[in-house]
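What follows is each chain in one-letter form.
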Amino acid sequence: MLLQIQAEDTCYIVDALTAQGDVMKSLKALLEDKTVVKVIHDCRQDSAALYYQKGIKLENVFDTQVQSECIRDTISIASDTITA
């Protein structure tokens, strides 16, 4: 599982399932940090894999797939209201 991490002006690509040592400790600290927003699209499988294989519990996640569905539902409701 490859993670793309943007920090300031540097982008890192990390294989979360093979990372070890200091890289794994830093990755775990980052992904479990409640003050850092993690933007992920459809994080269900990634979240489960990280938890069950590495003991990492994602915190403060903005799931773009969930947001997309919310927007779609809102637009649909608004459209139904206008035409009714």
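Details of the structure are given in the entry above.
Bear in mind that the values here come from a model prediction, so they are computed numbers and not experimental data.

**Q** What exactly am I supposed to notice about the pattern of salt bridges here?
**A** For side chains bearing opposite charge, pairing can occur when the charged atoms are close. Summed over all chains, the structure comprises three salt bridges. The closest approach of N and O atoms between D42 and R44, which form a salt bridge, is 2.8 Å. Taking relative accessible area as the criterion, R44 reaches 61% and is therefore assigned exposed. Here E59 makes a salt bridge to K57, at a shortest N to O gap of 3.4 Å. With relative accessibility at 49%, the residue K57 sits in the partly exposed group.

**Q** What am I meant to see in the nonpolar core here?
**A** Buried together is how nonpolar side chains tend to be arranged in soluble globular proteins. Within the largest apolar cluster, 13 residues are counted, with the highest numbers of intra-cluster contacts made by L3, L27, L31 and L50. Elements with a contribution of two residues or more to this core: β1 (2–7) and α1 (21–32). Examining the composition of this core, we find that three residues originate from one element, α1, more than from any other.

**Q** Please explain the packing of aromatic side chains as it appears in this structure.
**A** Each aromatic ring pair is summarised here by two numbers: the centre-to-centre distance and the angle between the ring planes. If you walk through the whole model with that rule in mind, you get one aromatic pair. Judged by centre distance (5.0 Å) and plane angle (85 degrees), the ring pair of Y51 and Y52 falls under edge-to-face. Overall, Y52 belongs to the exposed group, its relative accessible area being 69%.

**Q** Teacher, can you tell me more about the pairing of strand β2 (residues 10–15) here?
**A** Side-chain direction in a regular strand flips from residue to residue, so the side chains alternate between the two faces of the sheet. Both β1 and β2 contribute to a ladder of six bridges, which runs antiparallel. By the bridge assignment for β2, A7 is matched with T10. Turn length for the β1-β2 hairpin, with the two strands adjacent in sequence and antiparallel, is two residues, and the turn residue E8 shows positive phi of about 60 degrees.

**Q** Would you explain unusual backbone geometry in this entry?
**A** Leaving glycine aside, a negative phi is the common case for residues, and trans is the common case for peptide bonds. Located in the positive-phi region is D42, a residue other than glycine, with phi close to 50 degrees. You can see D42 is positioned in the loop between β3 (38–40) and α2 (44–54). For D42, a relative accessible area of 27% translates into the label partly exposed. Its identity as a non-glycine residue notwithstanding, N60 has a phi of 55 degrees, on the positive side.

Calculation notes
- Residues numbered from 1 in each chain as written.
- Predicted model: local features only at pLDDT ≥ 70, side-chain atom pairs only at ≥ 80, totals over all residues.
- Heavy atoms only, no water.
- Salt bridge = Lys/Arg side-chain N within 4 Å of Asp/Glu carboxyl O.
- Buried < 20%, exposed > 50% of the residue type's maximum accessible area, 1.4 Å probe, protein only.
- Core = buried A, V, L, I, M, F, W, Y, C linked by side-chain atoms within 4.5 Å.
- Helix = DSSP H or I, 4+ residues; strand = E, 2+ residues; numbered from the N terminus.
- Phe/Tyr/Trp six-rings, centres within 6.5 Å; stacked < 30°, edge-to-face > 60°.
- Pairing = 2+ DSSP bridges.

Bear in mind that shape data such as this cannot, by itself, settle questions of function.
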